[in-house]
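Summary of structural features
Here are the chains, one letter per residue:
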Amino acid sequence: MGELSSVTVGDAVLYAPPPETPKLPPREWVKENLFSSPFNSVLTFVTTIILLAVFRGFLSFIFNPVRQWDSTATNMQLFMTRAYPDEQYIRVWFCVAVILILTGVSMAVWRAGSAMPVAGVGHRLLATGALLALLALLAPFSASATVQWLVAALAVAAIGQALRRSAGKGEDERTVSTLTVLVVALAGLVASLWVVPYGHHTYIAKRVPRVLAEPGTVALTTKLPWTIMLLILVAAYFAGRLMRDRLPTNPIRATLLVLWLLAPPVLVYLVLRDPDFDMGHVLGTDLPIFLAYAIGGAALLSWLTRPSTGETGRIVAVLILLVGFCTFLTPMRQVVRIDMLLLAAFALAAPTFAGGPRARKRYAVGWLGVLGMTSWLITSINTPSTVKVPGGFFIGGFTITLMVAIFTIVFSFPLGIALALARTSSMPIFRQLATGFIEIVRGIPLITILIFFSIMVPLFLPRGMHLDEVTAVVIGYVLFSSAYLAENVRGGLQSVTRGQHEAAEAVGMTTAQKTVFIVLPQALRVSIPPLVGHCIGVFKETSLLAIIGVFDVLYIGRIVIPGQTEFMGSTRENVLFVSVIYWIFAYQMSKASQRLERRTGLGER
Amino acid sequence: MTDATPAEPTSGQTRDLSRARDMIVCEDVSKWYGDFQALDKVSATIKEQEVVVVLGPSGGGKSTWIRCINRLEIHQEGRIVVDDVELTNDLRNIEKVRSEVGMVFQQFNLFPHLRVIDNVSLAPIWVRKKPRAEAEEQAMALLERVGIPEQAHKYPGQLSGGQQQRVAIARALAMEPRIMLFDEVTSALDPEMVKEVLDIMKTLARSGMTMMVVTHEMGFAKEVADRIMFMEEGQIVEVGTPTHFFENPTEDRTKLFLSQIL
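Residues numbered from 1 in each chain as written. Chains lettered and ligands numbered in written order. Predicted model: local features only at pLDDT ≥ 70, side-chain atom pairs only at ≥ 80, totals over all residues. Heavy atoms only, no water.

1. Topic: the overall build of chain B
The condition that has to hold: Secondary structure elements are taken from DSSP: a helix is a run of H or I of four residues or more, a strand is a run of E of two residues or more, and numbering for both begins at the N terminus. The globule rule used for comparison is 2.2 Å times the number of residues to the exponent 0.38, while the radius of gyration itself is calculated over C-alpha atoms. Relative accessible area decides the class of each residue, using a 1.4 Å probe on protein chains only: under 20% of the type maximum gives buried, over 50% gives exposed, and in between gives partly exposed. Working rule for contacts: check all heavy atoms of both residues, and any pair within 4.5 Å makes them a contact. In short, Shrake-Rupley with a 1.4 Å probe defines the accessible areas, and a residue's cover is counted only from the protein chains shown. As used throughout, the charge tally considers Lys and Arg to be positive and Asp and Glu to be negative, leaving His and the chain termini uncounted. Charge positions come from single atoms, namely NZ of Lys, CZ of Arg, CG of Asp or CD of Glu.
Looking only at helices and strands, one finds 9 helices and 10 strands in chain B. A globule of 262 residues ought to have a C-alpha radius of gyration of about 18 Å, and chain B, at 18 Å, matches this closely. In terms of principal-axis extent, the alpha carbons of chain B reach across some 55 × 45 × 35 Å. Looking at chain B residue by residue over its 262 residues, the buried ones come to 55%. The long-range fraction of contacts in chain B, counting pairs at least 24 apart against all pairs at least 6 apart in sequence, stands at 67%. Accessible surface, chain B: about 11500 Å² in total, of which carbon and sulfur atoms supply 48%. Charge separation in chain B, taken as the distance between the mean sites of 30 positive and 40 negative side-chain charges, equals 4 Å.

Here is the structure:
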């Protein structure tokens, strides 16, 4: 893209750019690339006919009047949140708003978006108009419908051409930010909500399905909220711009990252689930336990992170690990056991973070944060929710697909990296354990693991501990996913040359420092393609949760909606719609992966 | 620290180091790779501020010996004592030795995902626990000393070989070592770049650093070395001053080697 500029290595200019090959005008391009020889011409002809036929077949399927697309449109709420009660729906919108605020601010702080030439936008609009015209001609529309579509296509093409004309050339070339284009497109979509007729339908709330009295514009429940959401997104972006210009970059980015990490558990377990805390129990039992660990742990870690502590500190850390293990042998609150294991983990890692008073304070604060988060999560998971939904988990549909995918990816990543490091470690016990775990898990199909964790795990749990089905299943999925991730990361680890290890060792870095600063960055950079591919797989495999009776989005599209009395036999439309949703998200992950590769200079340095 | 008046090329440096302390002491060091013996009862003492050049044919054990000194290779027999710390399996000793000994490799081994200035300041920040600002200041000073301060914010892949090797030298110097080990550092460079790296090494030698250099650059050896050690098949065949070594070597194997390269 663009021209080659002259290349410098060191301080010397190596060569001037070669002369630019002139771009061919369209007719010449077609002639040279599609019709250059008799064989090519026949190939072009045949391929075009095949493509047109397929396109036409596809369009005939979509626009066939027999299709029940209203089954999809009316059940949007079902698709997104299954049976979340209407009275509490404001919580869902709150979650969406929070995510949009974070997105808007992040886009501003990380300078998302680039300048796109207006001519490029015009070009794309022109192409879209042409495609729409083709669609209008091929689809089985009535005459008036064809005319309407053709008019729309011509309008789009005309706008495109106008933009191209006004774009200017060379230095005067006008550019528009990709973010502006995005906002305009979103505004168009939101505006269409106010105009295009959809329906509204609730399921399960009453056994008799209810359709809104006014079949015209979209329910009051969605057109206003989406408009507000769009305004929130734009406002958040500008607020982010303000912050970016006024405040130092690194603290903002660090805070945003922490907020992003906190958002899923807080939104799901505090907002959506709304645990009905028994304040007496919380204040009487949970809070004292938290405070004891917080204060005791912070003191211990402050001592352990002193550079002067040395061997005694390491011995103490291992003893804590032993105590943590022993807590599983006697009846005790689960919180106490988990917090002890957490403390052991922090204690073992403490020597790596040893340093001056500031570093030690940061470590103690980190401990308080993680402890607080864990304690609060455990307490809320174990309290019943005020959101009463018949049939299991409090939410379903796309929310649960996203939730399971995000939690699995976020938790299996560090675990997978740890497993990979253990498998390539020089210490035999870690190596054997990690290899054993990976090989066993890789030999078991995911469905088996999910069924095992949903049915069998409650039998293994100690009395008094209740783990709801989806949480148990997510744990199983995390273990499964981490084994595969470990192998991908191990491939990356093996690509780091021995010289890098030696250089780090020669400069005096400990194994932990070498791994974190030198080996892992290079290993992960190389493993980005398989890692992201795995994440896309995890996202799509959440549909296997249907086996356990969780109402994920594919199950709703495949079974639930075609089971509704007015929409019998609408399987194909709904499954197609669900596929499109999956594709949109998977494609965004792919694009994010490409951006990540470019940013880390993969293939260049 | 630039050399304003280049010293006259002499045969090595005529210095009296007999009263300097022992920095590296090797007693009967032997090492095997499987059945192949790479080092055969190597014994040597290197004094403080001494510049020792190790010459010899490929596979003679030079790189193995020098890598044993900072424990990148582990010797099976004999003793190695670096600055009064014996190299054993004790991790504390190894870490202590590595923080005193800087090494520069033939393949540069710069960290490709970090900028040049981060390459140099990484170890002082995390190993010596220096504050970032101080470490970066020191890094810039070192980059100036090796002559490439303007490259500080580039990535290693954007530098030429000679510049990369100079960054590697700066990185090693950032830990303020007392001994510097050079393992054929100019063998992977073009002739024009060899000179720039050798100039840095000469300046370093004249500033009083204890250096152990494995190289094929005879001119450098003649000019800078206090002693030259000739190694072949894992044994030190001959040790002497540059004058002695190049003008009247005693061993036959040394004479054969010199006849092949000079």
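2. Brief notes about the overall build of chain A
The secondary structure content of chain A amounts to 22 helices and 6 strands. A principal-axis box enclosing the C-alpha atoms of chain A has dimensions of 80 × 80 × 50 Å. Relative to its full complement of 605 residues, chain A shows a buried share of 38%. If you take every contact in chain A between residues at least 6 apart in sequence, the share linking residues at least 24 apart comes to 76%. On chain A, roughly 33800 Å² of surface is accessible, and the fraction owed to carbon and sulfur atoms is 70%.

3. Thoughts on the sheet that holds strand β4 (residues 77-82) of chain B
Residues and elements named next belong to chain B. Counted only if it meets this: Pairing between strands is defined by DSSP: at least two bridges between them are needed. All axes here are fitted lines through C-alpha atoms, helices being fitted over the stretch that makes contact, and every angle between N-to-C directions spans 0 to 180 degrees.
The strand order across the open sheet built from 4 strands is β2-β1-β4-β5, with neighbouring strands paired in antiparallel fashion. Taken across any chain shown, the strands that pair with only one partner, and hence form the sheet edges, are β2 (36-47) and β5 (85-86). Alignment of strand β1 (residues 22-33) against β4, held across 5 bridges, turns out to be antiparallel. Bridged to Ile24 within β4 is Val82. Here helix α1 (residues 62-69) sits on the sheet in contact with β1, β2 and β4, set at roughly 60° to β2.

4. Topic: the packing of aromatic side chains
Residues and elements named next belong to chain A. Inclusion rule: Pairing of aromatic rings covers Phe, Tyr and Trp, the last counted by its six-membered ring, and requires centre-to-centre distances within 6.5 Å; plane angles under 30 degrees mean stacked, over 60 mean edge-to-face, and any other angle means tilted.
Under the counting rule described, the total for this entry stands at 22 aromatic pairs over all chains. For the ring pair Phe63 and Phe141, a centre distance of 4.8 Å and an interplane angle of 70° mean the geometry is edge-to-face. Here Phe63 is found in helix α2 (residues 38-63), whereas its partner Phe141 is found in the loop between α6 (118-138) and α7 (143-165), with 78 residues between them in sequence. You can call Phe63 partly exposed: its relative accessible area is 28%. For Phe141, a relative accessible area of 19% translates into the label buried. Connected via pairs of aromatic rings, a cluster forms that spans Phe398, Phe539, Tyr582 and Phe585.

5. Considering empty space enclosed by the protein
Put simply, the test is: Residues are said to line a cavity or pocket when one of their atoms sits within 4 Å of a point; the points come from a 1 Å grid over protein atoms alone, cavities being sets where a 1.4 Å probe fits but cannot get out and pockets being open sets with protein on both sides within 12 Å along at least five of seven lines. Grid points are joined across faces, edges and corners, and a volume is the space filled by probe spheres set on the points.
Applying the stated criterion across every chain yields a total of 1 cavity of 30 Å³ or more. If you add up the space inside the largest cavity, you get close to 40 Å³. Lining the largest cavity are Ala506 and Val507 of chain A together with Arg98, Ser99, Val101, Gly102, Ala172, Met175 and Pro177 of chain B. Sorting the residues of the lining of the largest cavity by element identifies α2 (91-100) and β6 (101-104) of chain B as the ones contributing at least two each.

6. A closer look at the interface of chain A and chain B
Put simply, the rule reads: We count a salt bridge whenever a side-chain nitrogen from Lys or Arg sits within 4 Å of a carboxyl oxygen from Asp or Glu. Any pair of N or O atoms that falls within 3.5 Å is considered a polar contact. Within protein, one atom must be able to donate a hydrogen and the other to accept it, and sequence-neighbouring residues count only if both atoms are side-chain atoms. Three classes are used, and their members are as follows: Ala, Val, Leu, Ile, Met, Phe, Trp, Tyr, Cys and Pro are nonpolar, Asp, Glu, Lys and Arg are charged, and the others, Gly among them, are polar.
Taken together, the 24 residues of chain A in the interface contact 29 residues of chain B. Inspection of the region where chain A meets chain B yields 3 salt bridges. Between Arg67 of chain B and Glu502 of chain A there is a salt bridge; the shortest N-O distance is 2.5 Å. Taken together, chain A and chain B are joined by 5 residue pairs in polar contact (both at pLDDT 80 or more). The leading source of residues in the side of chain A that touches chain B is helix α19 (residues 498-506) of chain A, at 8 residues. Within the side of chain A that touches chain B, the residues separate by chemical class into 10 nonpolar, 9 polar and 5 charged.

7. Topic: the sheet that holds strand β7 (residues 179-183) of chain B
Residues and elements named next belong to chain B. Within the open sheet, the 6 strands sit side by side as β6-β7-β8-β3-β9-β10. Their pairing is mixed. Two strands in the sheet have a free side with no partner beyond their single neighbour: β6 and β10 (235-240). Each strand of the sheet is rotated relative to its neighbour by a mean of 20°, with strand direction disregarded. As paired elements, β6 and β7 share 4 bridges and run parallel to each other. When the bridges of β7 are listed, Met103 appears paired with Leu181.

8. With respect to unusual backbone geometry
Notably, Arg111 of chain A is not glycine yet its phi reads approximately 50°, a positive angle. By the element assignment, Arg111 of chain A lies in the loop between α5 (90-109) and β3 (115-117). Positive phi outside glycine occurs at Glu184 of chain B, with the angle close to 50°. For Glu184 of chain B, the position within the fold is in the loop between β7 and α6 (191-206). Exposure remark for Glu184 of chain B: the relative accessible area of 13% places this residue in the buried category.

9. Observations regarding the confidence of the model for chain A
As a note on interpretation, predicted positions should not be read in detail where pLDDT is low. All names here are of chain A. Selection criterion: The predictor's confidence in any single residue is recorded as pLDDT, a number from 0 to 100.
On average, residues of chain A score 84 in pLDDT, and 91% of them reach the 70 mark or higher. The spread of mean pLDDT over the elements of chain A runs between strand β5 (residues 201-202), the lowest at 45, and helix α16 (residues 428-442), the highest at 95. Across residues 200-206, where pLDDT falls below 50, the model places 25 contacts with residues more than four positions away in sequence or in other chains. Here residues 213-220 is a poorly scored stretch, pLDDT under 50, and it has 17 contacts once near neighbours within four places are set aside; other chains count.

10. Observations concerning the confidence of the model for chain B
All names here are of chain B. Mean pLDDT over chain B: 88, with 95% of residues reaching 70 or higher. Here residues 1-12 scores under 50 on pLDDT; set against residues more than four positions off or in separate chains, the count is 16 contacts. Across the interfaces of the predicted complex, the ipTM metric reaches 0.89, alongside a pTM of 0.82.

11. Some thoughts on the environment of Ser308 of chain A
Considering the arrangement of structural elements, one finds Ser308 of chain A in the loop between α11 (279-304) and α12 (311-326). The spacing of Ser308 of chain A and Gly297 of chain A is 11 residues in sequence and 19 Å in space, taken between C-alpha atoms.

12. Some remarks on helix α15 (residues 398-423) of chain A
Our working definition: Expected helix span is given by 1.5 Å per residue-to-residue step, counting one fewer step than there are residues. At every residue, the bend is computed as the angle between two fitted axes, covering the seven residues ending there and the seven beginning there respectively.
For α15 of chain A, built from 26 residues, the straight-helix expectation of 38 Å at 1.5 Å per residue is met to within 8% by its first-to-last C-alpha distance of 36 Å. Maximum bend of α15 of chain A: about 30°, positioned at Ser412 of chain A, with proline Pro414 of chain A one to four residues after it.

13. Points about the packing of α16 of chain A against helix α18 (residues 469-494) of chain A
Residues and elements named next belong to chain A. Which entries qualify depends on this criterion: Between 65 and 115 degrees an angle is taken as roughly perpendicular, under 35 as roughly parallel, over 145 as roughly antiparallel, and anywhere else as oblique. Crossings are sorted by hand: turned counterclockwise from the far helix by less than a right angle, the near helix makes the crossing left-handed, and turned clockwise it makes it right-handed.
One way to put it is that α16 packs onto α18 with a least axis distance of 9 Å and a crossing angle of 115°. With respect to each other, α16 and α18 are oriented roughly perpendicular. The handedness of the crossing between α16 and α18 comes out as left-handed. Judged by residue contacts, Phe437, Ile438, Val441 and Arg442 of α16 engage Leu479, Phe480, Ser482, Ala483, Tyr484, Ala486 and Glu487 from α18. Here the contact of α16 with α18 is built from residues that sort into 8 nonpolar, 1 polar and 2 charged.

14. Description of the pattern of salt bridges
In total, this model carries 31 salt bridges over all chains according to the counting rule given. Across the salt bridge formed by Arg166 of chain B and Glu196 of chain B, the nearest N and O atoms sit 3.2 Å from each other. Of this pair, Arg166 of chain B sits in helix α5 (residues 161-174) while Glu196 of chain B is found in helix α6, placing the two residues 30 residues apart along the sequence. Look at Glu196 of chain B and you get partly exposed, because its relative accessible area is 24%. The salt bridge partner of Glu223 of chain B is Lys202 of chain B, with a shortest N-O separation of 3.3 Å. Here Lys202 of chain B lies in helix α6 and Glu223 of chain B lies in helix α7 (residues 218-224), a separation of 21 residues in the sequence. It is possible to trace a salt-bridge network through shared partners that takes in Arg423, Glu439, Arg442, Glu487 and Arg490 of chain A.

15. Here's the deal with the packing of α15 of chain A against helix α20 (residues 511-541) of chain A
Two numbers describe a pair of packed helices, the interaxial angle and the distance between the axes. All names here are of chain A. Across the interface, α15 lies against α20 with an axial gap of 11 Å and an inter-helix angle of 145°. At the point where α15 passes α20, the crossing takes the right-handed sense. Facing Phe398, Thr401, Leu402, Ala405, Thr408, Ile409, Phe413, Ile417 and Leu421 of α15, the residues of α20 in contact are Thr515, Leu520, Leu524, Leu531, Cys535, Val538 and Phe539. Broken down by class, the residue content of the contact of α15 with α20 amounts to 13 nonpolar, 3 polar and no charged.

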